[in-house]
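So you can see what is in the structure, the chains are spelled out below.
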Amino acid sequence: MKKHDDLLRRSGSTILLLLLYIIGQNIPLPFFKIVLKATQDSSIEHMLALTTGGTFSNPTLFALGLAPYMFITIFLSVFTAINREWAKRISRELRGKIQVWGIFLFAFLQAFVMAISFYGNQQIFDKGTVSAGLVIPTTMLFLIAGALLIAWLASMNVEFGVGGPFVMILPGIVTSITKSLLQIYPALEGHSGRMIILLILTVSFIFITERLYTAEYRIKIQRPILANQTMRPYLAFRILIAGTFPLMFSSTLMALPEQLLKLLHINSAHIQAFFNLVTLQGTIMYAVVLYTLGVLFSFINLMPIQIAEDMQEQGDYIIGVKPGRTTKHYLVKRVSLWAAVGSLYLVFVAVVPLLIGHVAHKSIYTNFSTYFAMWFVLIAIFDNVRQDLEFLYYKDNYQLFGSRRGV
Amino acid sequence: MLELSKYRRITRKVYNALPEYQAMSDAELQSQTKIFQVALENGKTLKQLLPAIFAAVIEADRRVLGMEPYYVQVLGGVALFFGNVAEIKTGEGKTLVATMPLYAHALLGVKGNFLITANEYLARRDGMEMGAVFKWLGLTVGIGTEELDYQQKAKLYDADIVYATHSRLGFDYLFDNLGTEIGQQVVTRFNFAVIDEIDAVLLDEAQTSLIVSGAPKVQSDLYEISNWFFNNLTEVDYELSDDERSVWYSDLGLEKINNYFDIDDVFSADHFELYTHLILALQANVLKEKGHDYLVEDDAVILLDDTNGRKLKGVKLTNGLHQAIEVKEDVTLTKETKTLGVISYQSLFQKFQRLAGMTGTAKTDEKEFLETYRLRVIQIPTHEPLIREDQVDQLYVTNRAKVDASIKLVKSALQAGRPILIATGSVNMSRLYSLLLLQHKIPHNLLNAESAERENRIIDEAGQVGSVTIATAMAGRGTDIKLSSMAKKNGGLVVIGTERMANRRVDNQLRGRAGRQGEPGESQFFVSLEDQIMTENASNRARNYHEKLLLKVEAGTVEGDQALTSLQSRHLIDKAQQTRKNMESRQRRSTIAYAIILGEQRDKVYLARRQVLNNQQDEVERLIDLAIKVTIDNFVSQKQNLNIEVISSFIFNNIDETISLARIEQALIGQIQKEDVQTLLVQLVKETRASVQRRLSHPLQSQYFKKIIILKAIDDAWVLQLDYLQQLQVIVNGRTTAQHKPINEYGIEAQRSFLEMERQIQFNIFRNLLMSKIEDNANGSFDLAFPK
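Computed from a predicted structure; not experimentally measured. One numbering rule holds for all chains: residues counted from 1, following each sequence as written. A letter from A marks each chain and a number from 1 marks each ligand, given out in the order of writing. The predicted nature of this model means local features are confined to residues of pLDDT at least 70 and side-chain atom pairs, given and counted, to a pLDDT of 80 or more, with totals for whole chains, interfaces and linings taken over all residues. Note that water and hydrogens are dropped before the side-chain values are worked out from all heavy atoms of the structure.

**Focus: the overall build of chain A**
No. 1: The number of helices and strands found in chain A is 14 helices and 3 strands.
No. 2: Each residue is assigned to one of three classes by its accessible area relative to the maximum for its type, calculated with a 1.4 Å probe on protein chains only: buried under 20%, partly exposed between the two thresholds, exposed over 50%. In chain A, which comprises 407 residues, the share counted as buried stands at 49%.
No. 3: In this description, contact between two residues means that some pair of their heavy atoms is separated by no more than 4.5 Å. For chain A, contacts bridging at least 24 residues in sequence account for 75% of all contacts bridging at least 6.
No. 4: The Shrake-Rupley method, run with a 1.4 Å probe sphere, supplies the accessible areas, and residue values consider only the shown protein chains as cover. Summing over all exposed atoms, chain A offers an accessible surface of approximately 19,600 Å²; the carbon and sulfur share of this is 68%. Counting from the N terminus, the helices are DSSP H or I runs at least four residues long and the strands are E runs at least two residues long.

Rendered as structure tokens:
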């Protein structure tokens, strides 16, 4: 049966790649012990691990996760969005080279910090046995290799699988799920009422977010180059323009100061409070960071001014709106509106649990922030996968006068 | 490299086998074909027999043509056999190289072996020349020349080896699947093809598909008025993009539009058509240049190919742009037509079991060949070593300085007694140079799209001492400039490039005119920062650099007429060409992705057509029954259709206009139920169908009628679908802002509309069956008029 050949092949490839990833997640780094119980890492680290698929507290080959790959990908898309002329003229090879070297660079920096952190963590490393001069470079080497390997898995998935590169986050999310649930469980134990509430909240959250994520705002445009006017061309963008980028970046930004401080051996509880989700200052800081990133990424993803210029060049226009400056204003206004809406939703989802936790003086609520963020990321990934699957499913599924009809 | 050594080994085996075949008598050698064929039937593979097969052809070439292939030609033949792109330099005798792999693959007896040439002339020339060898060896050869009737076409494609152009093959395939002639199809077998100038066909022409068009559309009358409006504008009324590929109206221009046409806002929904035509007029006048993009001849606008400078016969720009140019040049307006059939070269050639190609220029694009077509590029060494001197490009700030420098070289080459080929980038530039040479009192020949009829004579003279030939890229591919012995002694042909061409390959093709077959020769390109390749593709940085240089020249700090030698300058042109190549590569990739989806639909439709043509009567009956059922079901399932007006309208327009209203009303009294309507419609259809059947007394007539109405139904719907798909491609590209992959959008929408097309076909069959007008002729035949 040649039907769905492509679909099965691609799904199979993705599953295979995910399996490889899971294996890699469990390969321990030399010199360290793997600790199996659920450690109480700060929630920021947890968030970071969640959104990048790394296992920051466990010294494994894939500890860095997709973080370097993500950063360079986001960095490149931001750069090409701003500098479109440059993007048009570079070859695929050059772009690929920049990606690889970028991953190497980010991995190097992160590996450095992580190696030192592992070295100092008495739970997994016994200082007496080996010198720092041997451990740290070796660890870094392995970590960087791991990061590059993950990047390779991700690009293999783009070529041969479904859902694009970020499907590789899934194994990391699975480990995070177990951690989250382990930490939430004590609060739910014996309180079936709370469990039901959690279930209802989860389901409604998934439903609402899924609707919002796939919803589009459409602007009807006229395209003179199209001779056949029964078609309805439109400009479209997602309501949640920024997607999950703010979440990914905010966790890094919030984690950065702590890592820097650790590096410099400075211990300032005052500063740390601002970047700890349990404190009020930390919560507010987090909200601000999320909102700013949300708006920023919305504009970077869309570039309404650029769109207006392109439209003018191609002779397209919005009905009743003059091309050029008028169209620019029109688009900027609308993008700003949805950027604000989308970012507020994001902040709402991430921060409300934290605020509740603060008011109720129960730190367990911070886990809910991570919990819902996790579902958000999952929805985004699955939307991507669904698009690819749909396309593959329908590609060959029809025949003229055949008994087999598509949808 | 590994491949080349493998092929060398095989070539050695060929030469080992050769003596045996050289010793054979004519009759013995001719009988080898049969021997090979029997061996293949008995389970031997072509690969195993390859050395023997090639040896046989080599010997036959020698005996029939008096030409024995050189070692490098045999090597090329081996490379082609295995399905590669063989980079074979000009003058190395590509035609002979192809004979070996073609003979080999033809031995399989499955037909469908092609040598695809660049033009009809070559198809005829090579087909006759090389065909003699194949015929001598006992195979049949077909040569695709103009104007063949059905019988001749069938015979042509039934030959073991066919020499034809790529467009002929493509169009014959499309025509096979058009119209309602119940005949056998002729282009059905695709075994092995060797494409000559494969880079031109698969890369340069990948953006253009073969289109069969007809069914003229309704003409708009806004072209003239839009063009008149443009003629009243000045430069401030519109703006150009940096790369000068796009143009739009400035605020001033828009104001003028609103004033002249006395409208409030041209961007309101009512004035869309007007605005469209105004844009077309703008594009036609500002972006398209006579003598560069097109010529005007015999009251028609003829497009020019930008990679080889030749006239593109029968090609028009789409979506009204061509008509806008026609109005601009005051030429009779031609009608816009609908697409009846379309196929891309990529789709066409992917049908072959094995594909190979030859060209003098492929290495520069080997990645693309590999990625898109899975073809490896094998560089075949030349028989004599290449001694042509390719000089480093000379770069100048201004056009003026560049031209002056090039004239200097012309004069010195003339003095040295060497023939000169001056390659220009467009018809206009070629004319300019001609004037310049006249000013300098240098006699010369001019070869461009306008003087194409004199091409052979001009080329014949081009290799003589004292000969100066100005040409466009026409003198690139396939042009054989033979040197006189005096010219050779003086140092051979000098190719002077007056600007870098559309891409590296065109440059290299022009260079390749000199230094053929180990002859001496030289190539020198002159470039300026004002050349088109720079203005269209240079980065902003390059543009700024250019402006700074211009200022320096004015200030006198840089000599305006000196060549620029800094490393930075050198890179600029290369980068501009590379940029263009990347862009075209990207465009090709996306075009191909869409063409694949369209191709899949086309294959399904053509398959359905074939099935109808070949099917038994009961299959055809089943299709018609299904069409009737589906159409009626669709109609009654929509609630808003269940009222007397809609129902009777449906009956009058789609079943029979003579049915009385009274009858309908009688059948549907009171509350109209779905089932009642269904019963009525089924009954009416049955009656009408029976009466149609009675008109077609003879069973053959009846069969023919049924098949034809189905085919017409499919074709009408497919034409609309083609139109839709071509527009869809443009539309999904505007949706990238929602982070959908355009190709995914395209695939899903295309499938949705395919299913709608199926419903449309059912409906068409329904109508055609019941509403066609049958006119009996005296001689027993009938004429058929389909419902509008």
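Once the structure has been displayed, the description carries forward.
**Regarding the overall build of chain B**
No. 1: Within chain B one finds 30 helices and 23 strands.
No. 2: Intrachain contacts of chain B at a sequence separation of at least 6 include 75% that bridge at least 24 residues.
No. 3: For chain B, the accessible area works out to roughly 35,000 Å², and carbon and sulfur atoms hold 50% of it.
No. 4: Treating the 92 positive side-chain charges of chain B as one cloud and the 104 negative ones as another, the clouds have centres 7 Å apart. For the purpose of charge, His is not counted, nor are the chain termini; Lys and Arg are scored as positive and Asp and Glu as negative. Here the site of a charge means NZ on Lys, CZ on Arg, CG on Asp, or CD on Glu.

**Looking at the sheet that holds strand β3 (residues 141-143) of chain B**
Each strand in a sheet pairs with its neighbour through backbone hydrogen bonds, running either in the same direction (parallel) or in the opposite one (antiparallel).
All names here are of chain B.
No. 1: Strand order in the open sheet made by the 7 strands is β3-β4-β2-β5-β13-β1-β14, with parallel pairing throughout. The open sheet is flanked by β3 and β14 (377-379), the only strands paired with a single partner. Within the sheet, the average angular offset between the axes of one strand and its neighbour, ignoring direction, is 20°.
No. 2: Note that strand β2 (residues 113-117) and strand β4 (residues 161-165) share 5 bridges and pair parallel. Directly across from F114, in β4, lies its bridge partner V162. Being paired, for any two strands, means DSSP has found at least two bridges between them. Each axis is a line fitted through C-alpha atoms, taken for helices only over the stretch in contact, and angles between the N-to-C directions span 0 to 180 degrees.

**What about the environment of A104 of chain B?**
No. 1: Turning to its location among the elements, A104 of chain B is positioned in helix α6 (residues 94-106).
No. 2: For the pair A104 of chain B and L46 of chain B, spaced 58 residues apart in sequence, the C-alpha to C-alpha distance is 7.1 Å.

**Some remarks on the nonpolar core**
No. 1: Only buried residues count toward a nonpolar core, which is a set of Ala, Val, Leu, Ile, Met, Phe, Trp, Tyr and Cys residues joined through side-chain atoms within 4.5 Å. Residues F349 and F369 of chain B are the most contacted members of the largest nonpolar core, which totals 93 residues.
No. 2: Note that domain bounds follow an automatic or database assignment of domains. Split by domain, the residues of this core number at least three in each of domain 1 (2-212 + 345-379) and domain 4 (615-785) of chain B.
No. 3: Other than its neighbours up to four places away in sequence, F369 of chain B contacts V85, I198, D199, L202, L203, A362, R374, L375 and V377 of chain B.
No. 4: Listed in part, the 64 residues of the second largest apolar core include I103, V167, Y286 and Y371 of chain A.

**Some points on the confidence of the model for chain A**
Residues and elements named next belong to chain A.
No. 1: The quantity known as pLDDT measures the predictor's confidence residue by residue, on a range of 0 to 100. Per-residue confidence for chain A gives a mean pLDDT of 79; residues scoring 70 or more make up 84%.
No. 2: Mean pLDDT across the secondary structure elements of chain A bottoms out at helix α2 (residues 43-52), with 62, and peaks at helix α6 (residues 132-160), with 89.
No. 3: Within the model, pLDDT remains below 50 along residues 403-407, and this stretch shows 14 contacts once partners closer than five positions in the same chain are excluded.

**As for the side chain of D172 of chain B**
Residues and elements named next belong to chain B.
No. 1: In this fold, D172 is placed in helix α9 (residues 166-176).
No. 2: By relative accessible area, D172 is classed as buried at 5%.
No. 3: Polar side-chain contacts of D172 include one of 3.3 Å to the side chain of K153.
No. 4: If near-sequence neighbours (up to four positions away) are discounted, D172 is found in contact with K153, Y157 and V187. Here a polar contact is recorded for every N or O atom pair within 3.5 Å, except that within protein the pair must consist of a potential hydrogen donor and a potential acceptor, and residues adjacent in sequence are included only if both atoms are side-chain atoms.

**Topic: a nonpolar patch on the surface**
No. 1: Each patch is built from residues lacking any salt bridge and having more than 30% relative accessible area; the joining distance is 9 Å for like charges and 5 Å for nonpolar side chains (Val, Leu, Ile, Met, Phe, Trp, Tyr). Should a side-chain nitrogen of Lys or Arg be within 4 Å of a carboxyl oxygen of Asp or Glu, the pair is scored as a salt bridge. Residues W101, F104, L105, F108 and L109 of chain A make up a contiguous nonpolar surface patch of roughly 560 Å² in combined accessible area.
No. 2: On the secondary structure map, L109 of chain A appears in helix α5 (residues 92-120).

**Regarding helix α8 (residues 150-157) of chain B**
All names here are of chain B.
No. 1: The set of residues buried in α8 consists of K153, L156 and Y157. For α8, the angular spread of the buried residues around the axis is 85°, confining them to a single face. In α8, those exposed residues whose orientation departs by more than 90 degrees from the buried face are Q151 and K155.
No. 2: Buried residues in α8 make contact with β2, β3, β4 and α9. Note that the arc is defined by the directions from the helix axis to the C-beta atoms.

**Concerning the side chain of T33 of chain B**
Residue and element names in this part refer to chain B.
No. 1: As for its placement among the helices and strands, T33 is situated in helix α3 (residues 32-41).
No. 2: T33 gets classed as buried once you look at its relative accessible area, which sits at 4%.
No. 3: Leaving out residues up to four positions away in the same chain, T33 has contacts with Y103, L107, L137 and L139.

**Some details on the packing of aromatic side chains**
No. 1: Here a pair means two rings of Phe, Tyr or Trp (six-membered ring of Trp) with centres within 6.5 Å. Their orientation is stacked below 30 degrees between planes, edge-to-face above 60, and tilted elsewhere. On inspection of all chains with the given rule, the structure shows 34 aromatic pairs over all chains.
No. 2: Judged by centre distance (6.4 Å) and plane angle (35°), the rings of F104 of chain A and F108 of chain A are tilted. Placement of the pair is F104 of chain A and F108 of chain A together in helix α5, with a separation of 4 residues, close to one helical turn.
No. 3: Residue class for F104 of chain A comes out partly exposed when judged on its relative accessible area of 33%.
No. 4: With centroids separated by 5.2 Å and ring planes inclined at 85°, the aromatic side chains of F190 of chain B and F352 of chain B adopt a geometry described as edge-to-face. Here the residue F190 of chain B occupies a position in the loop between α9 and β5 (192-196), and F352 of chain B occupies one in the loop between α15 (345-350) and β13 (354-359), the gap between them amounting to 162 residues.
No. 5: By relative accessible area, which is 13% here, F190 of chain B ends up buried.
No. 6: For F352 of chain B, a relative accessible area of 6% gives the class buried.
No. 7: Put simply, the rings of F114, Y157, Y173, F190, Y345, F349, F352 and Y606 of chain B pair up and form one aromatic cluster.
No. 8: Charge-over-ring contacts are defined here by two conditions on Lys NZ or Arg CZ: a distance within 6 Å of the ring centre and an angle within 35 degrees of the ring normal. Its end group placed over the ring of Y330 of chain A, R334 of chain A keeps NZ or CZ at 3.6 Å from the ring centre.
No. 9: We note K6 of chain B situated over the ring of F82 of chain B; from NZ or CZ to the ring centre the distance is 5.2 Å.

**What to know about the pattern of salt bridges**
Close approach of charged atoms allows side chains of opposite charge to pair.
All names here are of chain B.
No. 1: Applying the stated rule across the entire model yields 57 salt bridges over all chains.
No. 2: Between R500 and D393 there is a salt bridge whose closest N-O contact spans 2.8 Å. Residue R500 is found in the loop between β20 (493-497) and α21 (504-511), and its partner D393 is found in the loop between β15 (389-390) and β16 (394-396); the two are separated by 107 residues along the sequence.
No. 3: Assessed through its relative accessible area of 6%, R500 is described here as buried.
No. 4: Looking at D393, the relative accessible area reads 13%, which means it is buried.
No. 5: Residues participating in the shared-partner salt-bridge network are D393, R500, R504, D507, R511 and D574.

**Quick notes on the domain arrangement of chain B**
No. 1: Looking at the assigned domains, one finds that chain B contains domain 1 (2-212 + 345-379), domain 2 (220-335), domain 3 (389-573) and domain 4 (615-785).
No. 2: Computed over C-alpha atoms only, the centres of domain 1 of chain B and domain 2 of chain B are separated by 44 Å.

**Details of the pairing of strand β10 (residues 300-304) of chain B**
All names here are of chain B.
No. 1: Bridge analysis of strand β9 (residues 294-297) against β10 gives 4 bridges, and the strand direction is antiparallel. Directly across from Y294, in β10, lies its bridge partner L303.
No. 2: What sits between β9 and β10 in their antiparallel hairpin is a turn of 2 residues, with D298 showing a positive phi close to 55°.
No. 3: Direction of pairing for β10 relative to strand β11 (residues 311-312): antiparallel, over a ladder of 2 bridges. Among the inter-strand pairings, L304 is bridged to a residue of β11, identified as K311.

**Focus on unusual backbone geometry**
Residues and elements named next belong to chain B.
No. 1: In this structure, R374 takes a positive phi of about 55° despite not being glycine.
No. 2: Unlike most non-glycine residues, K441 shows phi in positive territory, near 55°.
No. 3: Take K441: it is sitting in the loop between α18 (427-439) and β18 (445-447).

**Overview of the sheet that holds strand β2 (residues 234-238) of chain A**
Residue and element names in this part refer to chain A.
No. 1: Spatial ordering of the open sheet is given by β2-β1-β3, a layout of 3 strands whose pairing is antiparallel. Both edges of this open sheet fall to β2 and β3 (317-318), since each of them pairs with a single strand only.
No. 2: Across 2 bridges, strand β1 (residues 216-222) lies against β3 in antiparallel orientation. Across the sheet, the residue bridging to I221 is I318, located in β3.
No. 3: Those strands touched by helix α13 (residues 325-360) are β1, β2 and β3, and its axis lies near 170° from that of β1.

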